[in-house]
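Below, each chain spelled out in residue letters.
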Amino acid sequence: MVSSPSPENGPTVRPFRPDDEPRVRELIDAERLPGQPPCTPERMAASRCGPVPPVGWAVRDRPQISVLAGAGDRPQGAIAYLSWADVHTGVICWVHAHEKPSALRALIEHALASLAHCSLIEAFVGGPPGPLGPGGLPRAHRGATHDVLLHSGFTGRCQGRYLYCALSPELPPAEPVADVVPCGFPQGQRLIVREAAEPVAEAVISLGPDRTATVYWIETLPTHRRRGLGHELLGQALSLLAERGATEVALVVDDPAHAGQDSQAAPRLFDSFGFTLVDQLWTYQCRHPA
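Residues numbered from 1 in each chain as written. Predicted model: local features only at pLDDT ≥ 70, side-chain atom pairs only at ≥ 80, totals over all residues. Heavy atoms only, no water.

1. Things to note about the pairing of strand S12 (residues 248–254)
Point 1. Across seven bridges, the pairing between strand S7 (residues 155–166) and S12 is antiparallel. Looking across to S12, one finds that Cys165 is bridged to Val249.
Point 2. The sheet contact formed by strand S11 (residues 212–220) and S12 spans four bridges and is parallel. Considered in S12, the bridge of Val215 is made with Leu251.
Point 3. Of the crossover connections in this fold, the one passing from S11 over helix H5 (residues 229–243) to the parallel S12 is right-handed. (Pairing = 2+ DSSP bridges. Helix = DSSP H or I, 4+ residues; strand = E, 2+ residues; numbered from the N terminus. Right-handed = clockwise from strand over helix to strand, strands pointing away.)

Structure follows, in structure tokens:
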């Protein structure tokens with residue numbers, strides 16, 4: 001990977017170097033949302049493995065990280081992207097530049113040039129909160145990034161909402177209704193409600209070492225909804241997180257326009273436990289001629 005051309009004495013987009021890591025982590029932390037853990041060296045290393053490929057896709061390239069270096073070769077912004085050669089698809093995983101439009105344009109143009117062989121390029125592909133972000137682009141908090149993506153040829157759509165709740169250490173213990181078992185991916189615990197030995201409701205939670213926690217998943221079988229199982233299950237999950245030291249918890253719910261018939265049930269459930277909306281999460285696509 002080579003550096004992008006830049007005006008004389010101006011910023012240059014170049015490959016990431018190990019000594020850039022502290023500054024890049026600062027750039028990421030400057031734009032994290034409430035409830036998101038700080039970017040540690042371990043989380044930075046995890047992000048370099050990239051997203052899990054969809055079933056049937058070949059193993060993708062490792063993400064390339066580029067930095068926009070200014071005076072003193074100090075990173076002013078950073079971007080991570082990758083591609084799957086067999087499906088001609090590229091992904092911009094994340095980009096951070098203190099919401100400065102000129103820096104964002106330089107980084108995104110560099111990624112688009114590097115992914116020019118891809119007929120489809122996605123950005124901020126939806127998913128649960130990960131090591132470096134909530135899974136999509138927070139539209140209100142990252143308005144400059146949103147605008148630069150649209151001006152660069154991307155189209156966007158809202159795919160979910162990021163919710164946040166502060167946990168009280170005095171949270172009363174909930175009546176246990178679920179079995180709690182370890183979960184390997186994501187690393188955490190799975191809570192399973194059973195009826196006649198069969199699972200009928202489930203939640204997946206994870207606690208970070210910095211007292212932040214994530215609810216990755218909560219679901220009740222359609223045949224067992226409207227019985228209060230979801231409320232009991234989430235109550236047990238939050239009590240478990242509080243007992244283990246969590247003071248903040250975040251989760252992502254589908255956008256109502258893309259949710260099912262019970263699209264209002266989840267908001268009511270989370271509202272009842274004090275979750276508040278932080279931002280909408282957007283994902284983007286850019287199609288190139290074949």
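2. Looking at helix H1 (residues 21–29)
Point 1. Within the span of H1, buried status applies to Arg23, Val24, Leu27 and Ile28. Along the axis of H1, the buried positions cluster into a sector of 145°, meaning they face one direction only.
Point 2. On the buried face of H1, the contacting elements are helix H2 (41–47), strand S2 (64–69), strand S3 (75–84) and strand S4 (89–96). (Buried < 20%, exposed > 50% of the residue type's maximum accessible area, 1.4 Å probe, protein only. Arc of directions from axis to C-beta. Contact = heavy atoms within 4.5 Å.)

3. Description of the packing of H5 against helix H6 (residues 265–272)
Point 1. In contact at an axis separation of 10 Å, H5 and H6 are set at 40° when each is read in the N-to-C sense. The angle between H5 and H6 places the two elements in the oblique class. At the point where H5 passes H6, the crossing takes the right-handed sense. Together, Gly230, His231 and Leu234 of H5 and Leu269, Phe270 and Ser272 of H6 make up the contact between the two elements. (Axes fitted to C-alpha atoms, helices over the stretch in contact; angles between N-to-C directions. Parallel < 35°, antiparallel > 145°, perpendicular 65-115°, else oblique. Left-handed = near helix turned anticlockwise from the far one by under 90°.)

4. Focus: the confidence of the model for the protein chain
Point 1. Chain-level statistics for the protein chain give a pLDDT mean of 87 and a share of 85% at 70 or above.
Point 2. Helix H4 (residues 143–151) holds the highest mean pLDDT among the elements of the protein chain, 98, whereas H2 holds the lowest, 81. (pLDDT = per-residue confidence, 0-100.)

5. Overview of H6
Point 1. Within H6, the full set of buried residues consists of Pro267, Leu269 and Phe270. With its buried residues spanning 160° around the axis, H6 presents them on a single face. Set apart from the buried face of H6 by more than 90 degrees, the exposed residues are Arg268 and Asp271.
Point 2. On the buried face of H6, the contacting elements are S7, S11, H5 and S12.
Point 3. Phi turns positive, to about 90°, at Gly274, one or two residues after H6.

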